[in-house]
Amino acid sequence: MPELSRRVLCAALLVAPLAALFFRPSIRSLLKPHTAMDPDSEIEFQMPGVLRAYKSGRVERFDGTEIVPPSPAGDPANGVASKDVVLDPAANLSARIYLPPGLEPGKKLPVVVFFHGGAFFVHTAASPLYHKYAATLAAEVPALVVSVDYRLAPEHRVPAAYDDAFAALKAVVASCRAEPGDSEAEREPWLAAHGDASRVVLAGDSAGANMAHNIAIRLRKEGGIEGLGDAVSGIALLHPYFWGKEPLGAEPTDAGYRSMFDPTWDFVCGGRFDLDHPYINPLASPEEWKQLGSRRVLVTTADQCWFVERARAYAEGIKKCGWEGELEFYETKGEGHVFFLPKHGSDNAVKELTVVVDFVRRC
């Protein structure tokens, strides 16, 4: 079987349900806008079974819409308690927080600020895939996990997601540093009681991994955050969504294949940033990596992931750019993009989770 056909077939088999990205083999024939007599039926962009956006501004989401409630009294499977909170009332920024069981009063834990995937336009912190993953991570480390509900495109184009992610980090640190007399708006009780602001890890999968990288860059560029400084303890990039104008490594060069990916970034940012902007292609501006606000980085991927070449190049490039820190790279054989979400509990998913857990513990 030709390599292109094999890769597209693997993608089709591995992406149901959609976990963090989005492609189907037939998408390139459906990405082109359609015209109709009714202006509200003129399509700006669509991914079959995932999302359809109309030029009128109407958006239909077909994936990532299912939600599960939090478990304030503790999940029967692992004892992890969870609740939905407003991190920043002024920005209407919310998150789901996970607290592992059996904590002694005053016991401080590392804090994982997690950004879910979904191509910047589907899924939430309450999606079943992400709820299960975040709760498991909280139990295994153990850690406080803050899964952020950032604004989605196209209603809110990039960089809205990055702005929300940075605001979330500020709010989390402020709550961890809060004193008993501080107002409720400044002091989230679980974070105030158990969050260790000196051990904050940014993490995410796919688009969320992209966000974790970019927030770590912004952290140092903007001179840091009060109570944290200009660096977090670590960043965990799980199957990061990076792309670029030109094929990299063994990426297929076929224009049809690349047309499945190229329009997506243009859609989520409204054409504001091209495919070689540092937001989506860190390799285009390696000098920025010197400003990465972390001394520890974990990059995971899989050999059938659409972005595996980008993850490999990121891991190699960060070591060569002058960044001084500890890099860990982990690649799973025989699996596709973010397989550990739909295959939660499988042998390979458990092995990857163990890598992430060990990394957070070292941070």
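Rules behind the numbers
Residues numbered from 1 in each chain as written. Predicted model: local features only at pLDDT ≥ 70, side-chain atom pairs only at ≥ 80, totals over all residues. Heavy atoms only, no water. Helix = DSSP H or I, 4+ residues; strand = E, 2+ residues; numbered from the N terminus. Buried < 20%, exposed > 50% of the residue type's maximum accessible area, 1.4 Å probe, protein only. Contact = heavy atoms within 4.5 Å. Polar contact = N/O pair within 3.5 Å; in protein donor to acceptor, adjacent residues only side chain to side chain. Salt bridge = Lys/Arg side-chain N within 4 Å of Asp/Glu carboxyl O. Expected span 1.5 Å × (residues − 1). Axes fitted to C-alpha atoms, helices over the stretch in contact; angles between N-to-C directions. Parallel < 35°, antiparallel > 145°, perpendicular 65-115°, else oblique. Left-handed = near helix turned anticlockwise from the far one by under 90°. Nonpolar A, V, L, I, M, F, W, Y, C, P; charged D, E, K, R; others polar.

**Things to note about the overall build of the chain**
Then comes step 1: Scanning the chain for helices and strands turns up 9 helices and 11 strands.
Then comes step 2: Here the chain holds 363 residues, and the buried ones make up 55% of them.
Then comes step 3: Long-range pairs, those at least 24 residues apart, make up 73% of the contacts in the chain with a sequence separation of at least 6.

**Considerations on the environment of Arg 157**
Then comes step 1: Structurally, Arg 157 is set in the loop between strand 7 (144–149) and helix 3 (160–177).
Then comes step 2: In this structure the C-alpha to C-alpha distance between Arg 157 and Gly 271, which are 114 residues apart in sequence, comes to 9.5 Å.
Then comes step 3: With residues up to four places along the chain from it excluded, the contact list for Arg 157 reads Glu 44, Phe 267, Val 268, Cys 269 and Gly 270.
Then comes step 4: In this structure the side chain of Arg 157 is engaged in a polar contact, spanning 3.2 Å, whose partner is the side chain of Glu 44.

**Some points on the pattern of salt bridges**
Then comes step 1: Evaluation of the coordinates by the stated rule reveals 25 salt bridges.
Then comes step 2: Between Arg 52 and Glu 60 there is a salt bridge, and its shortest N-O distance comes to 2.9 Å.
Then comes step 3: A relative accessible area of 23% places Glu 60 in the partly exposed class.
Then comes step 4: In this structure, Lys 245 and Asp 274 form a salt bridge, with 3.4 Å as the shortest nitrogen-oxygen distance. In this pair, Lys 245 sits in the loop between strand 9 (234–238) and helix 6 (255–258) while Asp 274 sits in the loop between helix 7 (262–268) and strand 10 (296–304), placing the two residues 29 residues apart along the sequence.
Then comes step 5: Residue Asp 274 is classed as partly exposed on the basis of its relative accessible area of 41%.
Then comes step 6: Because the salt bridges share partners, they merge into one network encompassing Arg 296, Glu 326, Glu 328 and Arg 362.

**Considering helix 5 (residues 207–221)**
Then comes step 1: Spanning 15 residues, helix 5 covers 21 Å between terminal C-alpha atoms, matching the ideal 21 Å at 1.5 Å per step.
Then comes step 2: Along helix 5, 12 of the 15 residues are buried, which leaves the element largely enclosed by surrounding structure.
Then comes step 3: Elements in contact with the buried residues of helix 5: strand 6 (109–115), helix 3, strand 8 (195–205), strand 9 and helix 8 (308–320).
Then comes step 4: Positive backbone phi, approximately 85°, marks Gly 223, located one or two places after helix 5.

**Topic: unusual backbone geometry**
Then comes step 1: Val 141 connects to Pro 142 through a cis peptide bond whose omega is -15°.
Then comes step 2: The omega torsion across Val 158 and Pro 159 is 25°, close enough to zero to call that bond cis.
Then comes step 3: Structurally, the position occupied by Pro 159 is in the loop between strand 7 and helix 3.
Then comes step 4: Unusually for a residue other than glycine, His 123 sits at a positive phi of about 80°.
Then comes step 5: Within the element layout of this structure, His 123 appears in the loop between strand 6 and helix 2 (128–140).
Then comes step 6: Assessed through its relative accessible area of 5%, His 123 is described here as buried.

**Here's the deal with the packing of helix 2 against helix 9 (residues 347–362)**
Then comes step 1: Helix 9 packs onto helix 2 with a crossing angle of 50° between their chain directions and a minimal axis gap of 10 Å. Comparing their axes, helix 9 and helix 2 come out oblique. As for the relative orientation of helix 2 and helix 9, their crossing is right-handed in sense. Contacts between helix 2 and helix 9 pair Tyr 133, Thr 136, Leu 137 and Glu 140 from the former with Leu 353, Val 356, Val 357 and Arg 361 from the latter.
Then comes step 2: Here the residues of the contact of helix 2 with helix 9 sort into 5 nonpolar, 1 polar and 2 charged.

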